[in-house]
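# Structure assessment
These are the residues of each chain, in order.
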Amino acid sequence: MNLRRIVAIAAPLLACASAQAIDYRSVGANPAVLYGAPSTRAAKQYIVPSGAPLEVVLTYGEWVKVRDMAGDLAWTEAKGLSIKQRNVIVRAANTRVRGAADDTSPVVFIADKGVLLELAEPAANGWTKVKHRDGLVGYVRSNDIWGN
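A brief look at the structure comes next. (Residues numbered from 1 in each chain as written. Predicted model: local features only at pLDDT ≥ 70, side-chain atom pairs only at ≥ 80, totals over all residues. Heavy atoms only, no water.)

## Topic: the overall build of the protein
The helix and strand inventory of the protein stands at one helix and 14 strands. Taken over 148 residues, the protein has a buried fraction of 32%. Nonlocal contacts in the protein, meaning residues at least 24 apart in sequence, comprise 47% of its contacts between residues at least 6 apart. Entry remark: accessible area of the protein is about 9300 Å², with carbon and sulfur atoms responsible for 52%. (Helix = DSSP H or I, 4+ residues; strand = E, 2+ residues; numbered from the N terminus. Buried < 20%, exposed > 50% of the residue type's maximum accessible area, 1.4 Å probe, protein only. Contact = heavy atoms within 4.5 Å. Areas by Shrake-Rupley, 256 points an atom, 1.4 Å probe, with all protein chains shown as cover.)

## With respect to the pattern of salt bridges
Going through the model one piece at a time under the given rule, you end up with five salt bridges. Here R25 makes a salt bridge to D23, at a shortest N to O gap of 3.2 Å. Judged by its relative accessible area of 29%, D23 falls in the partly exposed class. Ionic pairing is found between R67 and E55, a salt bridge with its closest N-O pair at 3.1 Å. Here R67, found in strand β5 (residues 63-67), pairs with E55, found in strand β4 (residues 53-60); they are 12 residues apart in sequence, far enough to count as distant. (Salt bridge = Lys/Arg side-chain N within 4 Å of Asp/Glu carboxyl O.)

## Overview of the nonpolar core
Formed by V27, A32, L34, V48, A52, L54, V56, V64, V66, A74 and L81, the largest nonpolar core amounts to 11 residues. Elements with a minimum of two residues in this core: β2 (32-35), β4 and β5. One finds V88, A111, V130 and V140 within the second-largest nonpolar core, a separate group that totals 10 residues. (Core = buried A, V, L, I, M, F, W, Y, C linked by side-chain atoms within 4.5 Å.)

## Here we look at a nonpolar patch on the surface
A cluster of nonpolar residues, V57, L58 and L73, forms a patch on the protein surface that exposes about 240 Å² of accessible area. For V57, the location among the structural elements is in strand β4. With a relative accessible area of 38%, V57 lands in the partly exposed category. (Patch = residues over 30% accessible without salt bridge, like charges linked within 9 Å, V, L, I, M, F, W, Y side chains within 5 Å.)

## A look at the pairing of strand β12 (residues 127-131)
Pairing of strand β11 (residues 116-124) with β12, which is carried by four bridges, proceeds in the antiparallel orientation. Bridged to E118 within β12 is K131. Where β11 folds back onto β12 in an antiparallel hairpin, the turn is made up of two residues, including N125, whose phi is positive at roughly 55°. Of the pairings in the sheet, the one linking β12 to strand β13 (residues 137-141) comprises five bridges and is antiparallel in character. Residue pairing in the sheet places V130 in a bridge with G138 of β13. Between β12 and β13, which follow one another and run antiparallel, lie five residues, and G135 among them has a positive phi close to 100°. (Pairing = 2+ DSSP bridges.)

Right under this line is the structure:
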């Protein structure tokens, strides 16, 4: 097979793959039980606290296969995940949240690793607008958080 033919076949496939957005949801009001298979009779893997973001990898009826921040995969009931409120988790200690999407902007607050922040606006130009539960709002570098 020649190179032109390979490119002609591969290009549409790559375009489809890159156009597919990553779907994140946050755990609803109650903690979510994660299972090894899409059934409440399957082995319970662990519990994820309320508000934590999870990446939806696959939907199977009323169940979703999710990935957590550590990269672990498990199943949970779709009804336990929130579509309305989205949260992110800070990846590193002393993460600076700034007043504007700029490294020279004043620091509004500093968030520690593992802090849960509400997603105020989706990522743009490498920055994500977030809100702390205390009401403080600012911009954080998108690679300093998980779940966006």
